[in-house]
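# Summary of the model geometry
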Amino acid sequence: MAATSNTPLLEATGLRQYFQVTRSYTVKAVDNVSFKIYPGETYGLVGESGSGKSTIGRSIIRLYDPTAGKIVFNGADISGKLDRKTRDMLRVNMQMIFQDPMASLNPRKKIGDIIGEGLDIHHTCKNEKERDEAIKRMLVKVGLSPQHATRYPHQFSGGQRQRVGIARALIMNPKLVIADECISALDVSIQAQVVNLMKDIQQETGTAYLFIAHDLSMVKYISDRIGVLHLGHLLETGTTDEIFTHPVHPYTRSLLSAIPEPNPILEKKRTALTYDYKTSGIDYNKGTEHLVSGTHYVSCTDEEFAKWSKEAEVPIL
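The notes below deal with the structure included here. In this text, all values refer to a predicted model and were calculated from it rather than measured experimentally.

The subject of this paragraph is a nonpolar patch on the surface. Taken together, the side chains of Phe-19, Val-21, Tyr-25 and Val-27 make up a nonpolar region of the molecular surface, amounting to roughly 340 Å² of accessible area. On the secondary structure map, Val-27 appears in strand S2 (residues 26–37).

This paragraph deals with the environment of Val-219. Looking at the element boundaries, Val-219 is found in helix H8 (residues 216–222). Put simply, Val-219 and Gly-44 are 175 residues apart on the chain and 5.9 Å apart in space, counted from C-alpha to C-alpha. Not counting residues within four places of it along the chain, the set of residues in contact with Val-219 comprises Gly-44, Val-46, Phe-211, Ala-213 and Ile-226.

So, on to the pairing of strand S10 (residues 233–239). Within S10, six of the seven residues are buried, which leaves the element mostly enclosed by the surrounding structure. Where strand S9 (residues 225–230) and S10 come together, six bridges link them in antiparallel fashion. The partner of His-230 across the bridge, within S10, is His-233. Taken together, S9 and the strand that follows it, S10, pair antiparallel across an intervening segment of two residues, in which Leu-231 is found at a positive phi of about 50 degrees. Two strands pair when backbone bridges link them, and S10 and strand S12 (residues 296–300) are joined in this way by two bridges, in the antiparallel orientation. Looking at S12, one finds that Thr-237 is bridged to Tyr-297.

Although it is not a glycine, Asn-74 adopts a positive phi angle of roughly 55 degrees. As for its position among the elements, Asn-74 is in the loop between strand S4 (68–73) and strand S5 (76–77). One non-glycine residue, Leu-231, lies in the positive phi region at around 50 degrees. Its place among the elements puts Leu-231 in the loop between S9 and S10.

All right, on to the packing of aromatic side chains then. Two aromatic rings are characterised by how far apart their centres lie and by the angle between their planes. Within the structure shown, the criterion is met by four aromatic pairs. Ring geometry for Phe-35 versus Tyr-43: centroids 5.3 Å apart, planes at 15 degrees, classification stacked. Take Phe-35 and Tyr-43: they sit in the same class, and that class is buried.

What follows is about the sheet that holds S5. Read from one edge of the open sheet, four strands run S2-S1-S4-S5, paired in antiparallel fashion. In the strand order of this sheet, the two ends are held by S2 and S5, each with one partner. Relative to S5, S4 runs antiparallel, the two being bridged by two bridges. In the strand pairing of S5, Val-72 is matched with Asp-77.

What counts and how
- Residues numbered from 1 in each chain as written.
- Predicted model: local features only at pLDDT ≥ 70, side-chain atom pairs only at ≥ 80, totals over all residues.
- Heavy atoms only, no water.
- Patch = residues over 30% accessible without salt bridge, like charges linked within 9 Å, V, L, I, M, F, W, Y side chains within 5 Å.
- Areas by Shrake-Rupley, 256 points an atom, 1.4 Å probe, with all protein chains shown as cover.
- Salt bridge = Lys/Arg side-chain N within 4 Å of Asp/Glu carboxyl O.
- Helix = DSSP H or I, 4+ residues; strand = E, 2+ residues; numbered from the N terminus.
- Contact = heavy atoms within 4.5 Å.
- Buried < 20%, exposed > 50% of the residue type's maximum accessible area, 1.4 Å probe, protein only.
- Pairing = 2+ DSSP bridges.
- Phe/Tyr/Trp six-rings, centres within 6.5 Å; stacked < 30°, edge-to-face > 60°.

This is how it looks when you write it as structure tokens:
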């Protein structure tokens, strides 16, 4: 489902997230990242392990306090100290699906209580009956049985646990769901089921997703727009078609060249490009945003843009 509004639901500008490890050493996990997510769309965030994807998700939902930058969500500035009204709006309208379904579910609580926790905290339901009906409806929506409400997390498979995580996030009817590598711990066949479920729910409810993942083919399948992240810097962003058809940044091209081809004849001809930041001569801090075409932007210097456009056979606007 594509964007339905010209006003972004979420806009991050110059987002920085630093972690001071010792007095003299600071990890710059996220460095000057800006992007927008529109209502009802899926924004895919891709990059290798340690590039800062999960940190961005946690900063946006305010599990971390951002070091610098501005985050505007649903018309409210959520980057600084939150007052009670803004915090409640954020907690209801933004939810997260975590990577490890077992680690994010309380083993001592029944599934019904885990899913209904948000309803209890925000006093959304008038009585117990309304709460139980909402939980049962949500269980059915994510492909589980209403009878599962009385069971514990250890009685479920990995795929079922992740469905519980999705149900817990969606029961608040949020405007944005941050899916933090929510399929990476699952079998390939279960991954497809979970992603299809997320797509169906998105069409039904109009929820926007920030979809954080390693799997490029899955990101291509679910995302409307994609952002490519490396070492805390957003290097390239555009629609799924723009990124996959005309990758400009060498890092993006190396990522896409690593995708295996299902056709064995084409797979034999596929050459995986190598990219090493230390020897590439590229300085991410010197890069500025350059428009390739449409909504396709790449972060680089003017000289790099001219060179890469030539290599990628993209006409310079």
